Structure formats: structure tokens, C-alpha cells
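Structural overview
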Amino acid sequence: MSQIPKGERLEETVVLGGSDLPERLLVQLASLPPEGDVEDALWAIVSTFAEGSELYIGVCIPTATGEQLVIRHAPRPSQPRVTDAARLFPEARYEEVMNIPFDVGSSLHIASDDPLDATVRRSADQVALAVASTLRRSRFADQLKREAQEVQQLRDQAVQSDKLAGLGRMAASIVHELNNPLTSIVAYADYLRRRWEQQGVDIADRERLGRISEAAGRVLNFTRDLVAYSRPSSADPSALSVHDVIERSLVFSEHVIAANNVTIVRQYGELPPIRGLHGPLTQVFVNLITNACQAMDPKGGKLTIETSYDANRKVVSVKMSDEGRGLPAVDDLDRLFDAYFTTRGDGGGNGLGLNIVQTIVASHGGAVQAARNEPRGASFVIELPTGR
Ligand SMILES: Nc1ncnc2c1ncn2[C@@H]1O[C@H](COP(=O)(O)OP(=O)(O)OP(=O)(O)O)[C@@H](O)[C@H]1O
Ligand SMILES: [Mg+2]
């Protein structure tokens, strides 16, 4: 059977004749491979054309009197495209819409010179069945394809989360081993640096010591990020006070707060408890406090922590405003939350802090937003729902 070129428009539709057309159609459909494209399959036997995303099928069956009967598949029964049929076969006086069996929402549009007689109606029925069966097969094949993709995706995810869980366990043990010696290195280096400052020890040596402490701090930071990123959270959420979490985070951040001469200003409102995970939420505030402190110039500045509760939306918000150098120039502030976005690459930043913040806040059903402060500084607002 010769290949019929695909037409773009109705006028190019080629209409085939032949008394055995429904049989040929069925034979052709039976040989269609399961993953076959319905359009391609029907193409070989009947003419199809695409208009927008809709598929139309034109079939021609000769009637007993030798006139041509046109059957067209229209995508929606409510729109039998009478005008198109009339354009293709202007002489046709009789038009009818026939539902395609088993294919809800589709219909055949039939145009002929005379009302259908029993033989022609049977032919039309057969064509309708063949079309319906092809449509069903192609939908079934599509569904199989989609399901296979989903299964593959789930399998990939399972492998990934397995890897992450393994990485998390490994990271947790590495951090455990590293944390104590590193904390000692940082603490003793800082202690020596302060002493050397008072004793007027060679400035170059003091700087070297400063670098030791900074490098150790960087490793501490990295392990912190690694753990937060890969550890699957096994703890169950519990009712907790956001103020407690903030206070705990401030204790954890004492070192960076003091090192950057930052004054904490608390403007706490009345808050109901929220449901959440203490550890990860502490991480959120530690990351934000750390960023704010690192953004301050050496003179330091204020970090204001303001909390409030919106009873209508049942949302607790925490706003952290600093007086630092302000947010970097980016078109879209959401970019700051992208993993590995950092302007502190030379200062040991990994660009993971805010990404972790966003992930944890989202897992609590909340949201975080960055804003520029006037006249200077940055602020981050975290919203956490209470009713979960
Ligand atoms: N309070 C802030 N003031 C000014 N810029 C900020 C502030 N917080 C974040 N940023 C900007 O957003 C970037 C991304 O922050 P993020 O915490 O994700 O990474 P980082 O601090 O660079 O590295 P890491 O937190 O992994 O050590 C920072 O490099 C900085 O440019
Ligand atoms: Mg950071």
C-alpha cells in the first residue's frame, strides 16, 4: 500500500475508496505494534490530517449506488465539523454523527448523498469499531509508557534516597569524629590570637593563627552542611515554641555573633506553639543568624529578630533584619536560595545555607523570603503554619 503524505489541511485530505476498506483497516490495525503511533497506523490506510492538536480521520466507503460515503472522525461529538465535510464533499446532502463505540467523547461524522442504507451502515459501524480499537490501543500504549516511566522514576528516587541515607550516616559519623578536635582547634586558636594581640606578638604570626582558625571553621561549616543535607529526618514533629528554637540557635551562634560584634535585638510577640522538628528548625535560624553576622562590616551592627502571629492565616512569622552590606545584586532574590549560590566563595561559603533553610521551612509547610532593607541591610521572613 503506498504511503499517503500527511496533509496539513482538510483540502489535502486524500480519500480512499474500495469495497473492502473496513477489512483492510482492521488488518492494518491488527498489525500495528503495541507501541505504534495511532496517527501513523491510520495514515497508511485512511487519510488523516492535523488541525491544532486535534486528529481527524477521513475514510471513504463506496455506497451500493457507487456514490462515495465519507466518514470522518471528529474529536468532539458536539463539534461534528459539518462545514468541513461539506467543503470536502459539497454534493453530500445527508450528514450524520455517529458515536465511536467504547470511545467516549469521539464521534464519526458521516456525509453522503443519500440516507444510509443497511449495508453502508454496517460498513460505517465496522470502521467506527476499528477506529475505536486503534484509539484504545494507542491510549493503552501511552498509559503503559507513562507507567513504565513512573516506575523508573520511583526506582531512581529509591536508589537516590538510599544513597543519601548512606551518605547521611557516613557524614554523621565523620562529623562526630571531626567536631570535637575541630572545636578545640578553633577555640584554642582564638584564645591564642586574643592573647597574642594583648602581648603584641608579631602581626604575621597572629594572621597565620587567624587563618588556622578560619580554615578549621570552614571544615566545621562544611560538615554541618553535609549532615543537614543528607540526613533523613527520622524524628517525629512535636509541639514547640519558636522562641525556644531561636534562643537555642542564638546560643549555638554565640561565637559568630561575638566575632562580628553583633547586637541581638529581640522584638518577640505572643506566639502559639507550632508543630515541627527542633533540630532542623534550629539549623534554619543558625544559618540565618550566621549569614547576617557574616554580612556585617567589622564595626558590627544590630540583628533584630521580630516575631508575630497572624491568627487569621494561622501563621507564625519570624523576621530577621540585619544592618549588613545588604543582599547581592541579582534579578531575582529567589536565586539566593539556589544550592551553591554564594558570594562568599573566597570566605569559605558553600552556598548551601539558604538552600537548607528553604528545604527545612518547606518541609514544615512554610515559606521563606528575602528582602532588601532601607537604607541598608537585609531581612529574611520565615512563615510557619501552626495548624498542621
Ligand atoms: N543577611 C545577608 N546579607 C547579605 N547577603 C546575604 C545574607 N544572607 C545571605 N546572603 C547572600 O546569599 C548568599 C547565599 O547564602 P547562603 O547562606 O546560602 O550561602 P553562603 O553563606 O554563601 O555559604 P554557606 O552558608 O554554605 O556557608 C550569600 O553568599 C550572600 O551573598
Ligand atoms: Mg550562609
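Above this text you will find the structure in question.
Since we're looking at a predicted model, the values are computed, not measured. (Residues numbered from 1 in each chain as written. Chains lettered and ligands numbered in written order. Predicted model: local features only at pLDDT ≥ 70, side-chain atom pairs only at ≥ 80, totals over all residues. Heavy atoms only, no water.)

1. What to know about the nonpolar core
If you look at the biggest cluster of nonpolar residues, it comprises 41 residues, and the most contacted ones within it are Phe-285, Leu-303 and Ile-382. Looking at which element gives the most residues to this core, the answer is helix H8 (residues 278–295), with 7 residues. When sequence neighbours within four positions are dropped, the list of residues in contact with Ile-382 reads Val-284, Phe-285, Leu-288, Val-316, Ser-317, Val-318, Val-357, Val-361, Ala-367 and Val-368. (Core = buried A, V, L, I, M, F, W, Y, C linked by side-chain atoms within 4.5 Å. Buried < 20%, exposed > 50% of the residue type's maximum accessible area, 1.4 Å probe, protein only. Helix = DSSP H or I, 4+ residues; strand = E, 2+ residues; numbered from the N terminus. Contact = heavy atoms within 4.5 Å.)

2. Focus on unusual backbone geometry
Note that the residue after Glu-374, namely Pro-375, is joined by a cis bond; omega there is 0 degrees. Position of Pro-375 relative to the elements: it lies in the loop between strand S11 (367–372) and strand S12 (378–385). Despite not being glycine, Asn-261 has its phi angle at roughly 55 degrees, a positive value. The topology assignment puts Asn-261 in the loop between helix H7 (254–259) and strand S7 (262–267).

3. Digging into the pattern of salt bridges
For the structure shown, the criterion picks out 6 salt bridges. The residue Arg-208 makes a salt bridge to Asp-205 at a minimum N-O spacing of 2.6 Å. Within this pair, Arg-208 and its partner Asp-205 are both found in helix H5 (residues 203–230), separated by 3 residues, close to a single helical turn. With a relative accessible area of 30%, Asp-205 lands in the partly exposed category. Note that Glu-383 is salt-bridged to Arg-313, the shortest N-O span being 2.8 Å. With a gap of 70 residues between them, Glu-383 in strand S12 and Arg-313 in the loop between strand S9 (301–310) and strand S10 (315–322) connect regions that are remote in the sequence. Glu-383 sits in the partly exposed class, given a relative accessible area of 24%. Ionic contacts of the salt-bridge type, sharing partners, join the residues Asp-310, Arg-313 and Glu-383 into one network. (Salt bridge = Lys/Arg side-chain N within 4 Å of Asp/Glu carboxyl O.)

4. Section: the packing of aromatic side chains
Pairs of aromatic rings are described using the distance from one ring centre to the other and the angle between the two planes. Applying the stated criterion across every chain yields a total of 1 aromatic pair. Ring plane angle 80 degrees and centroid distance 6.3 Å describe the contact between Phe-337 and Phe-380, whose orientation is recorded as edge-to-face. Placement of Phe-337 in the loop between S10 and helix H9 (353–363) and of Phe-380 in strand S12 is noted, with a sequence separation of 43 residues between them. Both residues of the pair, Phe-337 and Phe-380, count as buried. (Phe/Tyr/Trp six-rings, centres within 6.5 Å; stacked < 30°, edge-to-face > 60°.)

5. Here's the deal with a nonpolar patch on the surface
Together, Met-170, Ile-174, Leu-178 and Val-219 give the surface a local cluster of nonpolar side chains, amounting to about 300 Å² of exposed area. For the nonpolar patch, the element with the highest residue contribution is helix H4 (residues 118–199), accounting for 3 residues. (Patch = residues over 30% accessible without salt bridge, like charges linked within 9 Å, V, L, I, M, F, W, Y side chains within 5 Å. Areas by Shrake-Rupley, 256 points an atom, 1.4 Å probe, with all protein chains shown as cover.)

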